[in-house]
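Each chain is listed here by its residues.
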Amino acid sequence: MTYNVAEIRNQFPILTQKVYKKPLIYLDNAATTQKPDVVIQSLETYYSKYNANIHRGVHFLSSHCTDATESARKTVQKFINAAHPHEIIFTRGTTEAINLVAKTFGQIELKKGDKVLVTRMEHHSNIVPWQMACEQYGAELCVVEIDKQGTIDLNSYEKALNENVKIAAFTHISNTLGTINDVKKMVEMAHSQDIPVLIDGAQAIQHTHVDVQDLDADFYVFSGHKVYAPTGIGVLYGKEKWLEKLPPWEGGGEMIDRVSFEKTTYNTLPFKFEAGTPNYIGAIALGVALDYIQNIGIDSIKAHEEELLRYATERISEINDLEIIGTAEHKSSVLSFIVKNIHPYDIGVLLDKTGIAVRTGNHCTQPLHDWYNISGTVRASFAMYNTKSEIDYFIEKLDFVLNMLQ
Ligand code: PMP
């Protein structure tokens, strides 16, 4: 089946919007993606027809929502090829999932003298939770460096993996550089020294096929809103053996088996980590979003986005005094750049007036920007619904804006 981008665009109502009377060109997909009709409709249907709190109701609506939530869990399980549905924990997003692991893993595994390994290109949400855990337990946060292109130096990574390292946490795809890390190899290297890994999949799940068993990831995390699903829902995948071993995180309803004032016993997986009323309608809509992607085919989406990135990189390279930040051999969907003597913010503000949405700033990767010795970049990021003609328009307006600012 051929990839029909026009048909796909028709399914995203927001894309027909105008901003400042100009057609919207949405190139801020690494920050969040837009939602197709089926996802929006599932929210409407569930809130208007079926809403009732899950897992504790005997009535029709509650059973319906419970079944739909558990079916969404299975959809996520299949999408990432997890071995069991109970290895899928619903969280608010990537950030919450990493905090969950850092806190609970820290509690049982980290002590003075231990190390946690991250990389230079991590998002703040894969740095700060580990830093907090390290501070709490007297461990040390260690960093694997990258080269100028934005590729992790695997030799340094291998050298950094020693018996003091208790976990390695790294991103699958960089939200600033677009680098696709060889995570399978990185997992293999860590496992050869019995070191577990957490992979931040926030920028990967929407662009590439993810198979957590093939990767042999101990933990894999992502956010719904970056994969065409609503905000406020995300996923922590954890291997059963780890999720069984980690202590519960938040206490409250749902995560318990039996409560008395003397002692509480905890629920089985996955509920042990899902205290309180979860965002079940968000979880159901996440299932719808993943089914939607599955129908189009993640490999077709990948091929389309690769072509967009190739084309945008080629076109943007025509512009004088512009430097692309992140030129790794394997890249996905992200094009960050700086222009000599021009502040990224000014470029972003002026592009906005032409209907183009890009992001400017440090994209929550300050240590990475420090390393490049820059304060920020302009970032254009692509999704399944973007087109080459949007890129042409973007390049034309960028040229125009830069002429104004120079
Ligand atoms: N990691 C990466 C690589 C990201 O791109 C993002 C979002 N920009 C996050 C983590 C955090 O995701 P969220 O804000 O949805 O929790």
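What counts and how
- Residues numbered from 1 in each chain as written.
- Predicted model: local features only at pLDDT ≥ 70, side-chain atom pairs only at ≥ 80, totals over all residues.
- Heavy atoms only, no water.
- Near = heavy atom within 4 Å.
- Polar contact = N/O pair within 3.5 Å; in protein donor to acceptor, adjacent residues only side chain to side chain.
- Areas by Shrake-Rupley, 256 points an atom, 1.4 Å probe, with all protein chains shown as cover.
- Nonpolar A, V, L, I, M, F, W, Y, C, P; charged D, E, K, R; others polar.
- Salt bridge = Lys/Arg side-chain N within 4 Å of Asp/Glu carboxyl O.
- Helix = DSSP H or I, 4+ residues; strand = E, 2+ residues; numbered from the N terminus.
- Buried < 20%, exposed > 50% of the residue type's maximum accessible area, 1.4 Å probe, protein only.
- Phe/Tyr/Trp six-rings, centres within 6.5 Å; stacked < 30°, edge-to-face > 60°.
- Lys NZ or Arg CZ within 6 Å of the ring centre and 35° of its normal.
- Pairing = 2+ DSSP bridges.
- Right-handed = clockwise from strand over helix to strand, strands pointing away.
- Domains from an automatic or database assignment.
- Buried area = accessible area lost by both parts, 1.4 Å probe.

Glancing now at the site of the ligand. Taken together, Thr94, Thr95, His123, Ser125, Thr171, Asn175, Asp200, Ala202, Gln203, Ser223, His225 and Lys226 are the residues near the ligand. At 2.7 Å, a side-chain N or O of glutamine 203 approaches an oxygen atom of the ligand. In isolation the ligand exposes 400 Å². Once the protein is present, 84% of that is buried. A breakdown of the residues in the shell around the ligand according to their chemical character gives one nonpolar, nine polar and two charged.

With that settled, consider the pattern of salt bridges. As enumerated under the stated definition, the model contains 22 salt bridges in all. Measuring nitrogen to oxygen at the nearest pair gives 3.7 Å for the salt bridge that ties arginine 379 to aspartate 28. Taken together, the residues arginine 379 in strand E17 (residues 377-381) and aspartate 28 in the loop between strand E3 (25-26) and helix H2 (37-50) connect sequence positions 351 residues apart. With relative accessibility at 7%, the residue aspartate 28 sits in the buried group.

In this section: the packing of aromatic side chains. According to the stated counting rule, one finds nine aromatic pairs in the structure shown. Measuring from centroid to centroid gives 6.0 Å for tyrosine 228 and tyrosine 385, while their planes differ by 80°, and the two rings are edge-to-face. Of this pair, tyrosine 228 sits in the loop between strand E9 (219-223) and strand E10 (234-238) while tyrosine 385 sits in the loop between E17 and helix H14 (388-405), and the two are 157 residues apart along the sequence. Judged by relative accessible area, tyrosine 228 falls into the buried class, the value being 0%. Through a chain of ring-to-ring contacts, the aromatic side chains of Phe12, Tyr228, Tyr292 and Tyr385 assemble into a single cluster. Between the NZ or CZ atom of lysine 388 and the centre of the ring of tyrosine 311, over which it lies, the distance is 5.1 Å. Here the guanidinium or amino end of lysine 397 rests over the ring plane of phenylalanine 400, the centre of that ring lying 5.8 Å away.

Consecutive side chains of a regular strand alternate in pointing toward one face of the sheet and then the other. Both faces of strand E8 (residues 197-200) are covered, namely the face carrying Val197 and Ile199 and the face carrying Leu198 and Asp200. With four bridges joining them, strand E7 (residues 165-171) and E8 adopt parallel strand pairing. Bridge pairing links phenylalanine 170 to isoleucine 199 in E8. Once you follow E7 into helix H7 (residues 183-191) and on to E8, the crossover reads as right-handed. Sheet analysis places E8 next to E9, joined by three bridges and oriented parallel. Bridge pairing links isoleucine 199 to tyrosine 220 in E9.

Domain boundaries in the protein chain define domain 1 (5-30 + 298-405) and domain 2 (41-294). The centre of domain 1, based on its C-alpha atoms, is set 28 Å off from the matching centre of domain 2. Between domain 1 and domain 2 lies a buried interface of about 2800 Å² when both sides are counted; carbon and sulfur atoms form 56% of it. Ranking the residues of domain 1 by area buried against domain 2 places Ile298, Leu368 and Trp371 at the top, with a combined share of 23%. Across the contact surface, domain 1 and domain 2 share one salt bridge. Ionic pairing is found between glutamate 323 and lysine 148, a salt bridge with its closest N-O pair at 3.7 Å. The interface formed by domain 1 and domain 2 includes 20 residue pairs in polar contact (both at pLDDT 80 or more).

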